[in-house]
Structures are given as C-alpha cells and as structure tokens.
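Coordinate inspection notes
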Amino acid sequence: MVATLSEIAAVDDIQFLASQQFKEKSKELAGLSAHGLVNGDQKCFSFATETFTGDVGFAVVETTDDAVIIDRLDELLPEIVAC
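Residues numbered from 1 in each chain as written. Predicted model: local features only at pLDDT ≥ 70, side-chain atom pairs only at ≥ 80, totals over all residues. Heavy atoms only, no water.

**Considerations on the layout of surface pockets**
Its boundaries defined by the atoms lining it, the largest pocket holds a volume of some 200 Å³. Contributing to the lining of the largest pocket are 12 residues, with Leu37, Val38, Ala59, Val61 and Ile80 lying nearest its centre. Listing elements by their share of the lining of the largest pocket, those giving two or more residues are α3 (34-39) and α5 (73-82). Among the elements that line the lining of the largest pocket, the one with the most residues is α5, at three residues. For the lining of the largest pocket, the class distribution of residues is 10 nonpolar, two polar and no charged. (1 Å grid on protein atoms, 1.4 Å probe; cavity = no way out; pocket = protein on both sides within 12 Å on 5 of 7 lines; lining within 4 Å. Points joined across faces, edges and corners; volume = space filled by probe spheres on them. Helix = DSSP H or I, 4+ residues; strand = E, 2+ residues; numbered from the N terminus. Nonpolar A, V, L, I, M, F, W, Y, C, P; charged D, E, K, R; others polar.)

**Overview of the pattern of salt bridges**
A full pass over the atoms with the stated rule returns two salt bridges. For Asp41, the salt bridge identified is with Lys43, shortest N-O distance 2.7 Å. A relative accessible area of 38% places Asp41 in the partly exposed class. Residue Arg72 is joined to Glu75 by a salt bridge in which the shortest nitrogen-to-oxygen separation is 2.8 Å. Under the relative-accessibility criterion, Arg72 is labelled buried at 12%. Residue class for Glu75 comes out partly exposed when judged on its relative accessible area of 38%. (Salt bridge = Lys/Arg side-chain N within 4 Å of Asp/Glu carboxyl O. Buried < 20%, exposed > 50% of the residue type's maximum accessible area, 1.4 Å probe, protein only.)

**Here we look at the packing of aromatic side chains**
Counting across every chain of the model gives one aromatic pair. Between Phe45 and Phe58, the ring centres sit 6.0 Å apart and the planes meet at 65°, which makes this aromatic pair edge-to-face. Taken as a pair, Phe45 in strand β1 (residues 43-48) and Phe58 in strand β2 (residues 53-58) lie far apart in primary sequence, 13 residues in all. Since its relative accessible area comes to 39%, Phe45 is described here as partly exposed. (Phe/Tyr/Trp six-rings, centres within 6.5 Å; stacked < 30°, edge-to-face > 60°.)

**Some points on the confidence of the model for the protein chain**
Considering every residue of the protein chain, the mean pLDDT works out to 84; 98% of them sit at 70 or more. No element of the protein chain has a lower mean pLDDT than helix α1 (residues 2-8), which averages 80, and none a higher one than β1, which averages 90. (pLDDT = per-residue confidence, 0-100.)

**Remarks on unusual backbone geometry**
What is expected of a backbone is that most residues other than glycine have negative phi and most peptide bonds are trans. Here the phi dihedral of Ala10 falls at roughly 60°; this positive angle occurs in a residue that is not glycine. Inspection of the secondary structure assignment puts Ala10 in the loop between α1 and α2 (14-30).

Pasting the structure below:
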C-alpha cells in the first residue's frame, strides 16, 4: 500500500517523508499548553475495591523528539499531579 501511494504522490524517499511528518507533529506538541499535553489524550477510570477507591488516569504523548517533552518537565509535572 505504501509503495502504491508513494508512486501516486511521486514520493521518492518514504523514510524522509515520514521523518519530516513526525518532526512537524513534535513541533505541534511544543506549542500545546502543559494542561493540553497532559489532558489531551487522557483516559480516566474509577475504581472501588477493598483497598482503593478513586480515579486513575492514563495519558500518552507520541513523539519522535522526546526533548520537546523532557525540556518541559518542570511545567508538566504539576499538571500530572493535578489530574
């Protein structure tokens, strides 16, 4: 499928195109607020067991440039705790 699409789009270097797309996505993440990054894809679950009652949240940020996220840890950590 990739070969067919790359032929239709006249793309010679699929790997280069993919790397450029991932770089652009990482740039987009850099522009999001800390709250937006932490809560943008968060899924929350409520639990009630004998030993725990409360909510748990899971969130994922996909990037190929982890420096975009790591460089913002000081502002991201308080947002994670606030969830």
